[in-house]
Each structure stands twice: as C-alpha cells, then as structure tokens.
Amino acid sequence: MLIDGKLISQQVLDELKIEVAKLAVKPCVAFIRVGEDPASVSYVSKKQQTATELGIESRLHVLMDNTSENDLLKLIDAFNADKNIHGILVQAPLPKHINENKIFNHVSPDKDVDGFNVLNIGRLCQEDPSAFCACTPAGVVELLVRSSVEIQGKHVAVVGRSLIVGKPVSLLLARKHIHGNATVTLCHSRTQNLPAILRTADIIIAAIGSPRFITANMVSPGTVVIDVGINRVNDPSRKAGFRIVGDVDFDNVAPLCAKITPVPGGVGPMTVAMLMKNTVQACKRQNSNT
Ligand code: GUN
C-alpha cells in the first residue's frame, strides 16, 4: 500500500551510476543558492551528496540574500559559458526582490536541468521529447510507473498550480503517451467543491504546500494518493523543534488508499533522482561524441 520513494529512487540512482561510469566526460552540475533558508540549505546539500555518490561532479555557489538580480544574472552567464558545467540549478524560492522567472529564463535551455526555462516548458507543452522536464513532476510519473499504477484513461486530480509541480505534472499526465493519457483536473485554492471533485479522482496529486490539507472526506476508497508536500510543523518533542509533514492528513487518509506515498520518503527522494537523470542527459547531449 505504501509507495516507497526511497527504494524506487535508489533503483533509478543505481541505473544512473552504471551509466555515469561509462561516460567519457564526467557530468557536472552547478548549484546556486541565494541566502540561508534552512530548507534550501538542506535540499541543495542532499542534491550535492547524491551527485557525489553517483560520480557526478557538483559545484555550489552561495550568494548573500541581498545580492542584486544583476549579479545573479552575471553568475548564470558565467556558468552558461563554462563548458565544464553541464547543468545549472538555481534553488527556489529566491528573495522577493529577484524576479524568479527572469532568472529561470536566463539559464541556458541546454543546461536547464530544472526544466523551469520557458523554452523547456514550451517544449513540454508541444510534447517534444527533448524537453528537460521539472524534476518533481518527472519523479511523480516515475513513481507511478514503477509502482505499476495505470495512468492512461484515469482521472487525476492535481491540487496546486505552481510552476514547479502543479502545472508541469498536469501537462505530463495529460500528454499523448503510454505514461500519460490521463484526464487531468487542475485544482487550486479557488476551486469550488474541491472535496466533491477529489472524491471522483482515481489518482490525487497533492502539491498545494499546506500541511495535512487533504483530509479523509476528500478521498474515495481505492484512490492512489501522491503527496508532494514538504511542510515544517512545530514539534517541541523533536530535537530540531520541527518535523516534516505532507499536504495529506496521512493517518486518516492512508487507510482509504489503494496506494499512498509517505512524507518523508515518498516524492522527495525522486526529485533528487530525476535531477541526476537530467544532469546525465545534459552532459550526454553536450558531449554527443562520448
Ligand atoms: N525548490 C523546491 N523545489 C525545487 C526544485 O525542484 N528546483 C529548484 N531549483 N528549486 C526548488
């Protein structure tokens, strides 16, 4: 019943490790972090650690949170021009004075391992297989496929319309593809009758960024639930003073589900694995003679 994202991501990473070992050029991904947001520090460090385990090189450039947009653009220019860097990731969220879309669109589309550049989003809309696809959406589809969940013809309700998850995962699941062909309802904070809509779904993808938002009254028996949420909630009993919960009220929803992802240990590790996959892909494309 539980979809083990840690186990499935490890399968993806094991396959990638074999692929990386065969490459003549070692893939390299550059991370840019602006400021010291604790969640971002932790995510980027996990991504670097996984890269190292796979034999992928990584670089980390940390900027102060008062860095100007222009300085960040200049740093991206330098990474775009550096032939030894195959992938570039600017960790979101960025400080309020920086226009995130402008930054994402400045990353070379060929090095856009996050899939946030407007060109790659357009390619995804056009169902162009050369599109770099955002890592969390790609991870969600990979989890469903490797857990033998049928997607074609099913009603998938996506909750949340972000650029990072909701929009691209909707496009992926609706595309004409054996791992697509779903009927997708993209729900969000202004959706009316959300519980009634969700109760008609075969698969629910929760990506609204609100702790335990999806409750048992919204889920019909036999539903597959994918919880993308990573929310910190206060927990004085923990040494850190907080714990991580998803967007789904797991304890009450899980007994209803055919399958469900836990948080942590569900979608999170898949995001990292898909980033590695995109980095290997970027390296191969930039060195197509290897
Ligand atoms: N912040 C949360 N998820 C992501 C992601 O997949 N990529 C980047 N760059 N920032 C994020």
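Residues numbered from 1 in each chain as written. Predicted model: local features only at pLDDT ≥ 70, side-chain atom pairs only at ≥ 80, totals over all residues. Heavy atoms only, no water.

### Thoughts on the side chain of Thr136
Our working rule: Elements are defined by DSSP. Helices are runs of H or I of four residues or more, strands are runs of E of two residues or more, and each kind is numbered from the N terminus. By the criterion applied in these results, polar contacts are pairs of N or O atoms within 3.5 Å in which, for protein atoms, one can donate a hydrogen and the other can accept it, and in which residues neighboring in sequence qualify only through two side-chain atoms. Whether two residues touch is decided by their heavy atoms; if any such pair falls within 4.5 Å, the residues are in contact.
For Thr136, the location among the structural elements is in helix α6 (residues 135–146). A polar side-chain atom of Thr136 sits 2.9 Å from a polar atom in the side chain of Thr271. Once residues lying within four places of it in the same chain are set aside, the contact partners of Thr136 are Val165, Val228, Val267 and Thr271.

### Points about the site of the ligand
Cut-off, in case you're wondering: Each residue is tested against the molecule or strand, and it is near if at least one of its non-hydrogen atoms lies within 4 Å. Exposure was quantified through the Shrake-Rupley algorithm and a 1.4 Å probe, taking into account, for residues, occlusion by the shown protein chains and nothing else. Gly is placed with the polar residues, together with every amino acid not listed as nonpolar (Ala, Val, Leu, Ile, Met, Phe, Trp, Tyr, Cys and Pro) or charged (Asp, Glu, Lys and Arg).
Around the ligand, the neighbouring residues are Leu89, Val90, Gln91, Ala92, Asp114, Phe116 and Ile164. Here a nitrogen atom of the ligand and a backbone polar atom of Val90 are 2.9 Å apart. At a separation of 3.3 Å, a nitrogen atom of the ligand approaches a polar side-chain atom of Gln91. Summarising the interface, the protein chains cover 86% of the accessible area of the ligand, which totals 280 Å² for the free molecule. Residue composition of the shell around the ligand, grouped by class: 5 nonpolar, 1 polar and 1 charged.

### Focus on the nonpolar core
To be explicit about the condition: Take the buried residues of types Ala, Val, Leu, Ile, Met, Phe, Trp, Tyr and Cys, join any two whose side-chain atoms come within 4.5 Å, and each joined set is a nonpolar core. Working definition: with a 1.4 Å probe on protein chains only, accessible area under 20% of the residue-type maximum means buried, over 50% means exposed, and in between means partly exposed.
Counting 49 residues, the largest nonpolar core has Leu144, Leu173, Ile205, Ile226 and Met276 as the members making the most contacts within it. When residues in this core are grouped by element, the largest group, 10 residues, is from helix α10 (residues 267–286). The contact partners of Leu173, leaving out residues within four places of it in the chain, are Val141, Leu144, Ile151, Val156, His179, Gly180, Asn181, Ala182, Val184 and Ile205.

### What about the pattern of salt bridges?
Put simply, the rule reads: We define a salt bridge as a side-chain nitrogen of Lys or Arg found within 4 Å of a carboxyl oxygen belonging to Asp or Glu.
Within the structure shown, the criterion is met by 9 salt bridges. With a closest N to O distance of 3.0 Å, Glu15 and Arg146 form a salt bridge. Of this pair, Glu15 sits in helix α1 (residues 5–22) while Arg146 sits in helix α6; the two residues are 131 residues apart in sequence, bridging distant segments of the chain. Arg146 sits in the partly exposed class, given a relative accessible area of 29%. A salt bridge links Lys102 to Glu69; the nearest nitrogen and oxygen atoms lie 3.0 Å apart.

### Describing the sheet that holds strand β2 (residues 57–63)
Picture the strands of a sheet paired through backbone hydrogen bonds; they go either parallel or antiparallel. The cut-off we apply is this: At least two DSSP bridges between two strands are required for those strands to pair. Only the stretch in contact is used when fitting a helix axis, every axis being a line fitted to C-alpha atoms; angles between N-to-C directions are given from 0 to 180 degrees.
Spatial ordering of the open sheet is given by β2-β1-β3, a layout of 3 strands whose pairing is parallel. Because the sheet does not close on itself, it has two edges, and the strands there are β2 and β3 (87–90). Strand-to-strand twist in this sheet, taken as the mean axis angle between neighbours without regard to direction, amounts to 15°. Alignment of strand β1 (residues 28–34) against β2, held across 7 bridges, turns out to be parallel. Counterpart to Phe31 in the pairing with β2 is Leu60. Running at roughly 170° to β1, helix α2 (residues 38–54) makes contact with β1, β2 and β3 of the sheet.

### Concerning the state of the cysteines
Our working definition: Cysteine sulfur atoms are paired as a disulfide whenever they fall within 2.5 Å.
Tallying each qualifying case throughout the model produces 0 disulfides. The thiol of Cys135 is not disulfide-bonded; the next cysteine sulfur, from Cys133, is found 8.0 Å away. On the accessibility criterion, Cys135 (5% relative accessible area) is buried. Among the cysteines around Cys187, which has no disulfide bond, Cys257 carries the closest sulfur, lying 16 Å off. Among the residues examined, Cys187 registers a relative accessible area of 0% and is labelled buried.

### Some details on α1
Quick note on the threshold: Here, expected helix span is obtained from the residue count minus one, scaled by 1.5 Å. Here the arc refers to the set of directions running from the helix axis out to each C-beta atom.
Its 18 residues place the ends of α1 26 Å apart at the C-alpha level, agreeing with the 26 Å of an ideal helix rising 1.5 Å per residue. Within the sequence span of α1, burial applies to Gly5, Ile8, Ser9, Val12, Leu13, Leu16 and Val20. Along the long axis of α1, the arc covered by the buried residues comes to 135°, so they all point the same way. Exposed residues lying more than 90 degrees from the buried face of α1 are Leu7, Ile18, Ala21 and Lys22.

Everything listed here is a matter of geometry and, on its own, says nothing about what the molecule does.
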